[in-house]
Amino acid sequence: KQFNIDRRTEPVIAIGGGVCLDVVGLAASLFRRRTPYIRVPTTTLSYVDASVGAKSGVNFAGSKNRLGGYVPPCAALLDSCFFETQECRD
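Procedures and definitions
Residues numbered from 1 in each chain as written. Predicted model: local features only at pLDDT ≥ 70, side-chain atom pairs only at ≥ 80, totals over all residues. Heavy atoms only, no water. Pairing = 2+ DSSP bridges. Helix = DSSP H or I, 4+ residues; strand = E, 2+ residues; numbered from the N terminus. Contact = heavy atoms within 4.5 Å. Axes fitted to C-alpha atoms, helices over the stretch in contact; angles between N-to-C directions. Buried < 20%, exposed > 50% of the residue type's maximum accessible area, 1.4 Å probe, protein only.

*Asks:* Please set out the sheet that holds strand S1 (residues 12–16) residue by residue, giving values where relevant.
*Replies:* The strands that make up a sheet are held in pairs by hydrogen bonds between backbone atoms, and each pair lies either parallel or antiparallel. Reading across from one edge, S1-S2-S5 is the order of the 3 strands in this open sheet, with parallel pairing throughout. This sheet does not close on itself; its edge strands, each paired only once, are S1 and strand S5 (75–76). Two strands pair when backbone bridges link them, and strand S2 (residues 37–41) and S5 are joined in this way by 2 bridges, in the parallel orientation. Following the sheet pairing, Arg-39 is matched in S5 by Ala-76. The strands that helix H1 (residues 18–30) touches are S1 and S2; relative to S1, the one it contacts most, it runs at about 160 degrees.

Have a look at this one:
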């Protein structure tokens, strides 16, 4: 079947915490020289990071943020309703 999806312009949607968003951001920046992606953070820390950050870094070979890039997402969808699922101390 043909779905008529242009893989260079259709964004990837990443929903999750900081690790998930960083891994998807790195993969999107490397695949076909920057596939657009949208961040949907679900934790407090990833909410703050997604609203101001453009860095996507992952740990590698025992070093923090050794692999990564500085490619901002095409959008960040910030929904505070995700906070209702967290413990009060988070």
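From this point on, the discussion continues.
*Asks:* Which residues make up the pairing of S2, and what are the values?
*Replies:* Of all the 5 residues making up S2, 5 are buried; the element is thus mostly covered by neighbouring parts of the structure. The alternating pattern of S2 places Tyr-37, Arg-39 and Pro-41 and Ile-38 and Val-40 on opposite faces, both of which are buried. Pairing geometry for S1 and S2, over 5 bridges, is parallel. Pairing of Gly-16 across the sheet is with Pro-41, part of S2.

*Asks:* Help me get a handle on the side chain of Ser-29, residues and values and all.
*Replies:* With respect to the helices, strands and loops of the structure, Ser-29 is situated in helix H1. For Ser-29, a relative accessible area of 17% gives the class buried. What Ser-29 contacts, discounting residues up to four positions off in sequence, is Arg-34 and Val-71.

*Asks:* Outline unusual backbone geometry, supporting the account with residue identities and numerical values.
*Replies:* With phi around 55 degrees, Ala-61 is a residue other than glycine that occupies positive phi space. Of note, Ala-61 is situated in the loop between strand S3 (55–60) and strand S4 (63–70).

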